[in-house]
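Breakdown of the fold
Here is what each chain is made of, one letter per residue.
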Number of protein chains: 2
Amino acid sequence: MHVFDPGGDRFFMVLSAGNLATTQALVHRLRSDIMRKDQRDSLATVDYMFDAAEYVGRTSRKIQNRYEQINEGNEGRFDARFIIGGQIRGQDPQLYLIYPEGNIIEVPDATPFLQIGENKYGKPILDRIIDTDTSLEDAARCALLSLDSTMRSNVAVGPPVELSIYPAGSFELAHRLSYEVDSPLYAEVHRSWSDTLRGGIHALPRFDWEP
Amino acid sequence: MHVFDPGGDRFFMVLSAGNLATTQALVHRLRSDIMRKDQRDSLATVDYMFDAAEYVGRTSRKIQNRYEQINEGNEGRFDARFIIGGQIRGQDPQLYLIYPEGNIIEVPDATPFLQIGENKYGKPILDRIIDTDTSLEDAARCALLSLDSTMRSNVAVGPPVELSIYPAGSFELAHRLSYEVDSPLYAEVHRSWSDTLRGGIHALPRFDWEP
């Protein structure tokens with residue numbers, strides 16, 4: 001979870017999944033582009049969130065191309081995906097997913113969330129709960145459950161679980177948290193949800209042959 | 001869901017996912033092998049469930065090889081996975097997953113379920129609920145929830161949802177059901193579970209900045 005705060009009129013957060021060398025090179029490049037005042041494209045200079053996302057996609061693609069060219073036959077091996085969220089003053093906050101190919105999609109209206117990485121195990125809870133009326137805190141709890149399900153179903157996914165909350169128009173994070181499995185709130189979320197599901201199973205309708 | 005009942009001392013059920021032509025050819029072959037009395041290997045003649053699963057794997061591999069040989073460069077295109085469950089008299093019931101490569105794994109003791117096809121969306125609910133103490137009916141309800149989550153998160157997965165229950169030692173299915181989304185029991189499972197999850201979200205612990 002990488003925060004970019006290049007000036008009071010804009011705020012960005014970038015999440016990454018995939019090849020770690022590619023993601024670290026990208027973050028380094030985004031930061032150094034902000035520092036270079038002669039730089040045409042950077043998070044400090046883009047006019048729209050859409051442009052910010054396309055710039056990240058272009059930069060990611062350049063990094064991958066560089067390593068693919070010196071590793072013939074390894075196309076796709078340096079893949080990474082990113083999510084960029086943020087806001088530029090005078091505009092609504094936005095959230096984009098950036099594919100390894102460098103192209104981008106906006107967060108869907110009907111399912112207002114994006115995922116990267118090991119995303120399938122944790123998607124059903126988001127699909128069932130998150131809509132545009134969900135509070136930021138309920139959405140945050142849902143995100144914790146989504147990752148809890150993912151970690152339980154794929155032991156290769158592990159803590160820490162990082163969580164940030166950005167209220168629209170604030171141009172700063174309201175909260176930035178990191179949980180281990182035994183962190184009190186995280187452990188309580190896990191326990192509470194297990195109770196909910198076990199109770200929910202018993203509330204389901206009986207088959208017609210059951211007493 | 002294909003039932004094989006080649007005699008009173010044995011009972012098998014085969015599930016399939018993947019290339020439909022491969023799975024249909026396999027089912028045809030399993031049935032015709034039972035009819036051919038000169039056939040060395042068939043579900044009618046195997047001594048153990050393990051042998052039944054290996055025979056299915058071998059037969060699946062032969063079918064795939066045949067189509068791969070006349071479609072050079074298309075290795076993997078005719079892939080299919082299978083689950084075989086059943087019982088041979090005098091032995092415990094068994095459940096095996098058969099990979100496209102023809103090799104097999106037994107159902108794990110700690111997580112006593114197997115999945116094929118679009119399996120990730122529906123795995124967390126199984127991971128959280130199913131253990132060796134779960135009743136057949138609770139396990140069946142859990143399987144319906146697992147597929148309900150999958151259909152919701154991937155619109156390419158659709159009804160009918162087929163469900164069978166085999167009690168150990170019975171050598172016949174106790175129940176065989178097929179649900180559409182608007183079947184009363186299925187619709188009620190869906191509605192009840194949505195209520196459970198929405199209630200569960202509100203039962204989760206608050207963040208320390210919340211009232």
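Here goes a summary of the coordinates provided. Note that the structure is predicted; figures quoted are calculated from it, not measured.

About the criteria used
- Residues numbered from 1 in each chain as written.
- Chains lettered and ligands numbered in written order.
- Predicted model: local features only at pLDDT ≥ 70, side-chain atom pairs only at ≥ 80, totals over all residues.
- Heavy atoms only, no water.
- Helix = DSSP H or I, 4+ residues; strand = E, 2+ residues; numbered from the N terminus.
- Buried < 20%, exposed > 50% of the residue type's maximum accessible area, 1.4 Å probe, protein only.
- Contact = heavy atoms within 4.5 Å.
- Areas by Shrake-Rupley, 256 points an atom, 1.4 Å probe, with all protein chains shown as cover.
- Lys, Arg positive; Asp, Glu negative; His and termini not counted.
- Charge placed at Lys NZ, Arg CZ, Asp CG, Glu CD.
- Buried area = accessible area lost by both parts, 1.4 Å probe.
- Salt bridge = Lys/Arg side-chain N within 4 Å of Asp/Glu carboxyl O.
- Polar contact = N/O pair within 3.5 Å; in protein donor to acceptor, adjacent residues only side chain to side chain.
- Phe/Tyr/Trp six-rings, centres within 6.5 Å; stacked < 30°, edge-to-face > 60°.
- Lys NZ or Arg CZ within 6 Å of the ring centre and 35° of its normal.
- Least-squares fit on C-alpha atoms with pLDDT ≥ 70 in both.
- Pairing = 2+ DSSP bridges.
- Axes fitted to C-alpha atoms, helices over the stretch in contact; angles between N-to-C directions.

A few words now on the overall build of chain A. Each helix and strand in chain A was counted, giving 5 helices and 7 strands. If you list the helices and strands of chain A from N to C, you get β-β-α-α-β-β-β-α-α-β-β-α. On the principal axes, the C-alpha backbone points of chain A span a range of 75 × 45 × 35 Å. Here chain A, with 211 residues, has 44% of them falling under the buried criterion. Look at the contacts in chain A between residues 6 or more apart in sequence, and 52% of them connect residues 24 or more apart. In the structure as shown, chain A presents an accessible area of about 10,700 Å², 50% of it carried by carbon and sulfur atoms. Taking the average location of the 22 positive side-chain charges in chain A and that of its 31 negative ones, the two points are 5 Å from each other.

Contacts between the two partners involve 46 residues from chain B and, on the opposite side, 46 residues from chain A. Around 4,400 Å² of area is buried between chain B and chain A when both sides are counted, 63% of it from carbon and sulfur atoms. On the chain B side of the interface with chain A, the three residues burying the most area are Arg128(B), Arg141(B) and Phe207(B), jointly 20% of the side's total. Here chain B is connected to chain A by 6 salt bridges. Between Lys120(B) and Glu118(A) there is a salt bridge, with its nearest N and O atoms 2.8 Å apart. One can count 22 residue pairs in polar contact (both at pLDDT 80 or more) joining chain B with chain A.

Once that is clear, we can look at the packing of aromatic side chains. The tally for this structure, following the rule as stated, stands at 10 aromatic pairs over all chains. Ring geometry for Phe207(A) versus Trp209(A): centroids 4.7 Å apart, planes at 5°, classification stacked. Note on Phe207(A): relative accessible area 2%, which makes it buried. When the ring of Tyr67(B) is compared with that of Phe78(B), the centres are 5.8 Å apart and the planes differ by 40°; the resulting orientation is tilted. In this pair, Tyr67(B) sits in helix H2 (residues 49-69) while Phe78(B) sits in the loop between H2 and strand S3 (80-88), placing the two residues 11 residues apart along the sequence. Taking relative accessible area as the criterion, Phe78(B) reaches 11% and is therefore assigned buried. The ring of Phe4(B) carries the charged tip of Arg31(B) above its face, separated from the ring centre by 4.3 Å.

With an RMSD of 0.0 Å, the fit of chain B onto chain A corresponds to turning through 180° and sliding 0.0 Å along the axis. On the angle and the small slide along the axis, the relation comes out as a two-fold axis. Residue Tyr121(B) of chain B places its C-alpha closer to the rotation axis than any other residue of that unit, at 2.4 Å. Taken as a fraction of all interface residues of chain B, those also at the interface in chain A reach 100%, which identifies the copy contact as same-surface.

A few words now on the pattern of salt bridges. Tallied over the full model, the rule gives 24 salt bridges over all chains. When the shortest N-O distance is used, the salt bridge between Glu210(B) and Arg141(A) registers 2.6 Å. Of this pair, Glu210(B) sits in the segment after helix H5 (184-203) while Arg141(A) sits in helix H4 (residues 136-153), which puts the two residues in different chains. Look at Glu210(B) and you get buried, because its relative accessible area is 16%. Residue Arg141(A) is classed as buried on the basis of its relative accessible area, which comes to 1%. Where salt bridges share partners, they join Asp138(A), Arg141(A) and Glu210(B) into one cluster.

Glancing now at the side chain of Gln64(B). All names here are of chain B. Considering the arrangement of structural elements, one finds Gln64 in helix H2. Polar contacts involving the side chain of Gln64 include one to the main-chain carbonyl oxygen of Pro100, which spans 3.0 Å. Each residue touching Gln64, except ones within four places of it in the same chain, is listed here: Thr22, Phe78, Asp79, Ala80 and Pro100.

Attention now moves to the environment of Asp131(A). All names here are of chain A. In this fold, Asp131 is placed in the loop between helix H3 (123-129) and H4. A relative accessible area of 31% means that Asp131 is categorised as partly exposed. Sequence separation of Asp131 and Ala110 is 21 residues, and the distance between their C-alpha atoms is 6.9 Å.

All right, on to the sheet that holds strand S3 (residues 80-88) of chain A then. What links the strands of a sheet is backbone hydrogen bonding, and the strands pair in either a parallel or an antiparallel sense. Residues and elements named next belong to chain A. Reading across from one edge, S1-S2-S3-S4-S5 is the order of the 5 strands in this open sheet, with antiparallel pairing throughout. Either end of the sheet is taken by a strand with one partner, and the two such strands are strand S1 (2-7) and strand S5 (104-106). Neighbour-to-neighbour, the strand axes of this sheet turn through a mean angle of 20°, independent of strand direction. Contacting strand S2 (10-18), S3, strand S4 (94-98) and S5, helix H2 (residues 49-69) crosses the sheet at an angle of about 155° to S3.

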